[in-house]
Amino acid sequence: MRKVFEISLLFLLPVILCSCPYSSPYTLDEQPGIYVEDALLGNWTALISKQSGSRQEVVYMSLGRRSDTEYDIAFTGDLNSLRRYNVIKSDSVKGTAFMSTVGGRQFLNINLNARVYIAELQLKNDRLSLLPLVEHFTSKMIMSNEALRNSVDFHYKTRVHPMLDDDFCLKDMVKSN
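Reading the values: rules and limits
- Residues numbered from 1 in each chain as written.
- Predicted model: local features only at pLDDT ≥ 70, side-chain atom pairs only at ≥ 80, totals over all residues.
- Heavy atoms only, no water.
- Phe/Tyr/Trp six-rings, centres within 6.5 Å; stacked < 30°, edge-to-face > 60°.
- Helix = DSSP H or I, 4+ residues; strand = E, 2+ residues; numbered from the N terminus.
- Buried < 20%, exposed > 50% of the residue type's maximum accessible area, 1.4 Å probe, protein only.
- Salt bridge = Lys/Arg side-chain N within 4 Å of Asp/Glu carboxyl O.
- Core = buried A, V, L, I, M, F, W, Y, C linked by side-chain atoms within 4.5 Å.
- Pairing = 2+ DSSP bridges.
- Expected span 1.5 Å × (residues − 1).
- Contact = heavy atoms within 4.5 Å.
- pLDDT = per-residue confidence, 0-100.

With that out of the way, let us pick up the packing of aromatic side chains. In the structure shown here, the tally under the stated rule is two aromatic pairs. Ring centres of Y22 and F137 lie 5.0 Å apart, and the angle between their planes is 90 degrees; this geometry places the pair in the edge-to-face category. You can see Y22 sitting in the loop between α1 (2-18) and β1 (23-24) and its partner F137 sitting in the loop between β8 (127-132) and α2 (145-158), a full 115 residues away along the chain. Of the two residues examined, Y22 and F137, each falls in the buried class. Measuring from centroid to centroid gives 5.2 Å for F107 and Y156, while their planes differ by 80 degrees, and the two rings are edge-to-face. In this pair, F107 sits in strand β6 (residues 105-112) while Y156 sits in helix α2, placing the two residues 49 residues apart along the sequence. Looking at F107, the relative accessible area reads 0%, which means it is buried. Assessed through its relative accessible area of 11%, Y156 is described here as buried.

Have a look at this one:
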């Protein structure tokens, strides 16, 4: 019986490890250097498909100005699926974020619960998409901000399609205020 449990755990472990967005104690820049964009401030709404794919849920993202170069960020909605990742403890997730540019692309360094999540930010036709990198986007051990920046730059230069965590992507959000 124990052997069956161990074998099952070995099959589930890669799935669990691969279904998380990339997080680290490091950011793409030492300090925030890009000013807050007024076009991003406000409340954004996204429809996400549940794991079964038959039902859609609404997730809200709020971006506010914390300082000239930092955002206050909050996610609310049906976040029960995030509880297993120990990201949330209440009905919302709150943190801070700042913008970085790597290889001509904009990224948000999102600080939630003392972890930094890296997500590409795209604003096209008044629709905002937040596309977090998947945990295994690089096999390198990241030990500094510069190493993280170089890994993200290399990843986007060498991939036709970057490795994103589809479960956490918020695509085509519309401004709701």
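From this point, the narrative continues.
This part is about the pattern of salt bridges. Within the structure shown, the criterion is met by five salt bridges. The salt bridge partner of R105 is E120, with a shortest N-O separation of 3.0 Å. You can see R105 sitting in strand β6 and its partner E120 sitting in strand β7 (residues 115-124), a full 15 residues away along the chain. What makes R105 partly exposed here is its relative accessible area of 33%.

Right, let's talk about the nonpolar core for a bit. One finds M61, Y71, I110 and L130 to be the most contacted residues of the largest nonpolar core, which totals 25 residues. Where this core is concerned, the elements lending two or more residues are β2 (42-49), β3 (56-65), β4 (71-77), β5 (92-102), β6, β7, β8 and β9 (170-175). Membership of the second largest hydrophobic core comes to 13 residues, among which are Y22, I118, V152 and Y156.

A few words on the pairing of β5. Among the 11 residues that make up β5, nine are buried, leaving the element largely enclosed by the rest of the structure. Two elements, β4 and β5, share six bridges in a ladder whose sense is antiparallel. Considered in β5, the bridge of I73 is made with G95. Here seven bridges tie β5 to β6, and the two strands are oriented antiparallel to one another. Across the sheet, M99 pairs through a bridge with L108, a residue of β6. Turn length for the β5-β6 hairpin, with the two strands adjacent in sequence and antiparallel, is two residues, and the turn residue G103 shows positive phi of about 55 degrees.

Along an α-helix, residues three or four positions apart point the same way, because every turn accommodates 3.6 residues. With 14 residues, α2 extends 20 Å between its outermost C-alpha atoms, agreeing within 8% with the 20 Å of an ideal straight helix rising 1.5 Å per residue. What α2 keeps buried is the set N145, L148, S151, V152, D153, H155 and Y156. Where α2 is buried, its residues contact β1, β5, β6 and β7.

Between the alpha carbons of Y156 and F137 there is a distance of 9.9 Å; along the sequence they are 19 residues apart. Residue contacts for Y156: discarding those within four places in its chain leaves R105, F107, E120, L133, P162 and L164.

Attention now moves to the confidence of the model for the protein. In low-pLDDT segments, the atomic positions of the prediction should not be examined closely. Residues with a pLDDT of 70 or more make up 78% of the protein, whose mean pLDDT is 83. Considering only residues more than four positions removed or in separate chains, one finds that residues 7-18, a stretch of pLDDT under 50, has three contacts.

So, about unusual backbone geometry. Its identity as a non-glycine residue notwithstanding, N113 has a phi of 50 degrees, on the positive side. For N113, the position within the fold is in the loop between β6 and β7. For N113, a relative accessible area of 48% puts it in the partly exposed group. Despite not being glycine, D172 has its phi angle at roughly 50 degrees, a positive value. Along the chain, D172 turns up in strand β9.

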